[in-house]
Structures are given as structure tokens and as C-alpha cells.
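Summary of the model geometry
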Amino acid sequence: MKFTIQRDQLMESIQDVMKAISSRTTIPILTGMKVEATEHGVKLTGSDSDISIESFIPKEEDGIVYVENIQPGSIVLQAKYFPDIVRKLPQQTVELEVDDHLNVGIRSGSAEFNLNGQDAEEYPHLPQLQTEQSFEVPIDLLKDLIRQTVFAVSTSETRPILTGVNIMVENSELYFVATDSHRLASRKIPMQEQLQNLSFNNIVVPGKSLTELNKILDDSQETIEISVTENQILFRTQHLYFLSRLLDGNYPETSRLIPDQSKTIMHIDTKELLQSIDRAALLAKENRNSVVKLTTKTDNHIEITSNSPEVGKVVEEVEAESLEGEELKISFSAKYMMDALKVIDTEKVNIQFTGAMRPFLIRPIDNDQILQLILPVRTY
């Protein structure tokens, strides 16, 4: 195998596939990265058996030549050394050559490295998904769906199913829902044309997979194809193939958690509330969740307070746009509240409370596609 490639292109692909390579895998060859050259270009593959990522560098695209002098073949390189070598090479082009004894020569300018490769035949084959269940969404929209939900997955392994995001398709709408049982984040988007014959509800993708996918995808208007089988989900763009296993088990029925009536409704500026809670949290670091308290006052004011006996207290008044319904005193985790407000991109939010001990809802004003739910904290 032999080819000459543009270093920047190669580095970009290496960084993408490295997100799937783990040094702690039980299959030794998976600590390596598979490099495959064909007449069309060069493909890199990384996998830890939970996530597999393939990145393709075309021979040429839009008149720009990325790879030349290709002699087809494949090899597995040590992922521990290969990325650092490429990053530090002196020239813009890299020549990679493999001999019959799996010795790999990497040359750039006056620098030359020789690495021991491994036989690519021993590298597990990625499954090619055959499925009817597939649809396309714009990449920037998918990134929003992930960003607005994935932070709420559980980090504890006691209920593994909650460490994932539940993806559902029903009534031509695509839903993403995540909960760690103390809070819930959901986002839906209408997708009339593509989802007509599709419907599934128990697809749970590990939060870790979606976080890594989000890092790799560029903010573009292009679409990404999503295909689902019983135990895997595939995200595919023109040059990227991202495969993740799904979590086993049944995701809890989250729609029951959402209160259908409210006793106190508040419209308030998102940023002002976020900054005020951020300040109050400064003195609440002692307890794990940084609990702050919200109290409604007359004439549309609310009071945000935090009190730590050893440290001190903070009190701040914030004016709401409007405040209707019963008086309220409620305590909640500042971190959860800040996480929820950060992913809402509108200037104003609508918060609906159903009493001091009931979950409350945060939504953007005039937009029912995003929903954040938080359970209050008992402080007495």
C-alpha cells in the first residue's frame, strides 16, 4: 500500500476517528486505527465496539486533489503514536508506504518514521446496516437536538437506560428526550415529508455517543442520514460513517411526568434569570447541587436567594415580564436550572410551577418544541 496525502485533511480525519478509539478495550487490535487506501481515496476507521467511526478522504473533491499516487491496500496503525507523528510532521504532504512485512514508512520533508503495523484482516468488519427505518435531518438541526437534551442524561450506572437519549418518531415528529429522574429535557421537530411511514419509540442512544457525534459534525445545512436497526444506529454524511450501539431495556414513559396544569406562571428574561442564579450559586457550592431558592413577590418581582450557614447568604431581586397565579417559594438545583436555561436560545422563557414540591416546566415563549422539566429540592 502506498499514497501521498495532504496532512491537514489526514489530521482532521484522524481526530474524528480517535473519538471512537479507547486504550481500555478488551480486543487488542481495536487500540489501533485502520487505514485503507482504494482508488477513490483513503478511509480511516476507529472503534471501541460501542462506537465505530469511519472517515473518508476522497482522492479529489471540487477540483482539489487530496490524495495521489495511490497503491491500494490496508493496515492497522498504533493509535497511540500515529496521530502525534502526523501532527508534528514538517511538510504539508505526507507519504505513507507499507511493505510486505507490515512495516509502515511515514515520510514528510526530511522526517521519516517507521512504525510496525498490524494486519488489517484481523480488524473486525463494521456491520453494513440493512434497514427500512431511515430518514434525513439537517446537520445543524440534529446538533441542536443533541445539545438541548444530552446534558440531562444520567451519569450513574444504577439505571443504565437513563444514560442514553430516547429517540422517538411518531405522528411525523422526531423527539429527543433525556432524563436522569431529577430533571428532563426534550426537543421535538416536525418532519412531515420524510417520516410518513416511520414510527419507533424505544431507541435509546448512549449519551456518550451523541456527545462525540456532536463534536465531529460541522455546523452545516447539509443533511445527515439516520438509520436504525434493533441494536444499532447509524449516522451517515458524505464522508463520515458513525455507528453506535443502542442501550438495552425499556425507556420509562416520560410523558406522565409532565404536569398538565400550573398554579403559578412566570414570563422572564432568560439571560437575566440565568445570571442571577449563577450569582446565587456562588455561595451554594458547599452542597452538591448548589440549591437556590426562588420566592415570588408582589408587582412581578421574584427573589433569588441562597444561604450557606458556614459561608454567608445572597439575595437578589429580578423583575419578571409577568407573574400570574399563586404565591410560591421553591428550591431547586442551581446547576440543573442553569443547564436548562443555557440551551434555550430565546430571549424570554415561560416557567410554569405547580406548587413547591411538584416538577416545574421551562419553555421558550411561543415555542412548544423545547421543554425542560426540573424537580424541586426539599430544603426544610
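Residues numbered from 1 in each chain as written. Predicted model: local features only at pLDDT ≥ 70, side-chain atom pairs only at ≥ 80, totals over all residues. Heavy atoms only, no water.

1. Here's the deal with helix α3 (residues 139-147)
Looking only at α3, the buried set comprises I139, L142, K143, L145 and I146. Down the axis, α3 shows its buried residues gathered within 160 degrees of arc, on one side only. (Buried < 20%, exposed > 50% of the residue type's maximum accessible area, 1.4 Å probe, protein only. Helix = DSSP H or I, 4+ residues; strand = E, 2+ residues; numbered from the N terminus. Arc of directions from axis to C-beta.)

2. So, the pairing of strand β25 (residues 329-333)
Successive residues of a regular strand alternate their side chains across the two faces of the sheet. Of all five residues in β25, four are buried; the element is thus mostly enclosed. Where strand β21 (residues 291-296) meets β25, five bridges bridge the pair, whose relative direction is antiparallel. Looking across to β25, one finds that V292 is bridged to F332. (Pairing = 2+ DSSP bridges.)

3. Some points on the side chain of K188
Relative to the helices and strands, K188 is located in strand β15 (residues 183-190). What K188 contacts, discounting residues up to four positions off in sequence, is E173, L174, Y175, D368 and Q369. (Contact = heavy atoms within 4.5 Å.)

4. Comments concerning unusual backbone geometry
Positive phi values are uncommon outside glycine, yet S49 reaches one of about 70 degrees. Under the relative-accessibility criterion, S49 is labelled exposed at 51%. Not every positive phi belongs to a glycine, and D62 is a case in point at roughly 50 degrees.

5. Looking at empty space enclosed by the protein
Enumeration according to the criterion identifies one cavity of 30 Å³ or more in this entry. Looking at the largest cavity, its volume works out to about 30 Å³. Lining of the largest cavity is provided by F151, A152, R183, L184, A185, Y336, A340, Q372, L373 and I374. For the lining of the largest cavity, the secondary-structure elements that each account for two or more residues are β15, α6 (334-342) and β28 (370-374). Here the residues of the lining of the largest cavity sort into eight nonpolar, one polar and one charged. Shared between two domains, the lining of the largest cavity holds at least three residues of each, these being domain 2 (134-255) and domain 3 (258-374). (1 Å grid on protein atoms, 1.4 Å probe; cavity = no way out; pocket = protein on both sides within 12 Å on 5 of 7 lines; lining within 4 Å. Points joined across faces, edges and corners; volume = space filled by probe spheres on them. Nonpolar A, V, L, I, M, F, W, Y, C, P; charged D, E, K, R; others polar. Domains from an automatic or database assignment.)

6. Some thoughts on the sheet that holds strand β17 (residues 223-228)
In space, the eight strands of this open sheet follow the order β8-β2-β3-β4-β19-β18-β17-β12, with antiparallel pairing throughout. Both outer strands of the open sheet, β8 (73-78) and β12 (134-138), are each paired with one neighbouring strand and no more. Here the strands of the sheet are splayed against their neighbours by 15 degrees on average, with no regard to which way each runs. α3 contacts β12, β17 and β18 (232-236) of the sheet and is inclined by roughly 95 degrees relative to β12. The strands touched by helix α4 (residues 207-216) within the sheet are β4 (51-58), β18 and β19 (240-245), with β19 carrying the most contacts at an inclination of about 170 degrees. (Axes fitted to C-alpha atoms, helices over the stretch in contact; angles between N-to-C directions.)

7. Details of the domain arrangement of the protein chain
According to the domain assignment, the protein chain consists of domain 1 (2-122), domain 2 (134-255) and domain 3 (258-374). If you average the C-alpha positions of domain 2 and of domain 3, the two centres end up 28 Å apart. Facing the 15 residues of domain 2 at the interface are 15 residues of domain 3. A buried area of about 1300 Å², summed over both sides, lies between domain 2 and domain 3, and 46% of it is on carbon and sulfur atoms. Notably, a salt bridge pairs R147 with D345, separated by 2.8 Å at the nearest N-O pair. Taken together, domain 2 and domain 3 are joined by 10 residue pairs in polar contact (both at pLDDT 80 or more). Taken together, the residues of the side of domain 2 that touches domain 3 break down into five nonpolar, five polar and five charged. (Buried area = accessible area lost by both parts, 1.4 Å probe. Salt bridge = Lys/Arg side-chain N within 4 Å of Asp/Glu carboxyl O. Polar contact = N/O pair within 3.5 Å; in protein donor to acceptor, adjacent residues only side chain to side chain.)

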